[in-house]
Structures are given as C-alpha cells and as structure tokens.
Amino acid sequence: MAEAGLAQIPDVDIDSEGVFKYVLIRVRAAPPSGAPAGESKEIVRGYKWAEYHADIFDKVSGEMQKKGYGCECLGGGRISHQSQDKKIHVYGYSMGYGRAQHSVSTEKIKARYPDYEVTWADDGY
C-alpha cells in the first residue's frame, strides 16, 4: 500500500520565485515488521520561508511520518528560481546536513520544469 503511495508524492516542490534553501530527502515506505526495507524515492523541497534547512526537513518529515513514511535528509543547498527567465540554478550546501547531490536534485527539477534551463554548481553557500 505505502509503496503505491510513494508515486503520489511529488518529486519536486519548490517556491515559484527567488533564492531559497532546499533539501534532498529520501522517503521510505515503512516495511511490515520483519520485512526488508521498503521502497524509497528522493524528493526535492525548497521554500523561502525556511530560515534553516532543518526547518524544511522537519516540516516535510513530519508530514510524511503522518502518512506512514520514514525520511532521511541527504543534504541541502540553495536554489535560485527565476521564473520570468525560466532559469533554475542549484548550488551551495547546508551547514547542518552537508551538500546535497545537486546532480540528482537537478535531474528531478528538470523533469518537473522541462522548459527551463536548469543548472547546478558545487560552489557558493
């Protein structure tokens, strides 16, 4: 049941404009007791309201736990989303969680915004 539900979780949910923090989160379907680990997927979440990367992770993981999923933060960074120019740039790192694998985040963002120029870099904070 939960594994079918994983497909219902959007891969990407980010603010529509501006520069903001983001985290890459692995969401796991909780396996029945004694079973091997359930299926998982990575999701990208980024919001301007978050002062810290942990604010995003805490909110998202809390929501996911209510639905029966486990979460693990794989790292963070920043996103510059310029909707008028159709450009998204992923960069930087999280002091608390380390640098997310921006190449993974970028592929997910490209799938969500196919008509955008999506780039990433390991430099910057």
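Our structure is the block above this text.
The structure displayed is predicted, hence computed values, not measured ones. (Residues numbered from 1 in each chain as written. Predicted model: local features only at pLDDT ≥ 70, side-chain atom pairs only at ≥ 80, totals over all residues. Heavy atoms only, no water.)

A. Main features of helix H2 (residues 53–66). Helix length check: H2 (14 residues) gives 20 Å between terminal C-alpha atoms against 20 Å at 1.5 Å per residue, within 8%. For H2, the set of buried residues is His53, Ile56, Phe57, Val60, Ser61 and Met64. Down the axis of H2, the sector holding all buried residues measures 115°, keeping them to one side. Residues of H2 that are exposed and point over 90 degrees away from its buried face: Gln65 and Lys66. Among the structural elements, strand E2 (18–29), strand E3 (40–47) and strand E4 (69–82) are those in contact with the buried residues of H2. A positive backbone phi angle near 90° is found at Gly68, which sits one or two residues after H2. (Helix = DSSP H or I, 4+ residues; strand = E, 2+ residues; numbered from the N terminus. Expected span 1.5 Å × (residues − 1). Buried < 20%, exposed > 50% of the residue type's maximum accessible area, 1.4 Å probe, protein only. Arc of directions from axis to C-beta. Contact = heavy atoms within 4.5 Å.)

B. Fine view of the packing of aromatic side chains. A full pass over the atoms with the stated rule returns three aromatic pairs. Pairing Phe57 with Tyr97 gives two aromatic rings, centres 5.7 Å apart and planes at 65°, and the pair type is edge-to-face. In this pair, Phe57 sits in helix H2 while Tyr97 sits in the loop between strand E5 (87–91) and helix H3 (102–112), placing the two residues 40 residues apart along the sequence. The class for Phe57 is buried, based on a relative accessible area of 12%. A relative accessible area of 29% places Tyr97 in the partly exposed class. The aromatic ring of Tyr113 is capped on one face by Arg112, whose charged end is 4.8 Å from the ring centroid. (Phe/Tyr/Trp six-rings, centres within 6.5 Å; stacked < 30°, edge-to-face > 60°. Lys NZ or Arg CZ within 6 Å of the ring centre and 35° of its normal.)

C. The pattern of salt bridges, seen in detail. Taken as a whole, this structure holds nine salt bridges when the rule is applied. In this structure, Lys108 engages Asp11 in a salt bridge whose closest nitrogen and oxygen atoms are separated by 3.7 Å. Placement of the pair is Lys108 in helix H3 and Asp11 in the loop between helix H1 (2–6) and strand E1 (12–14), with a sequence separation of 97 residues. Under the relative-accessibility criterion, Asp11 is labelled partly exposed at 33%. Among the ionic pairs, Arg26 bridges to Glu72, the shortest N-O distance being 3.7 Å. You can see Arg26 sitting in strand E2 and its partner Glu72 sitting in strand E4, a full 46 residues away along the chain. The class for Glu72 is partly exposed, based on a relative accessible area of 33%. (Salt bridge = Lys/Arg side-chain N within 4 Å of Asp/Glu carboxyl O.)

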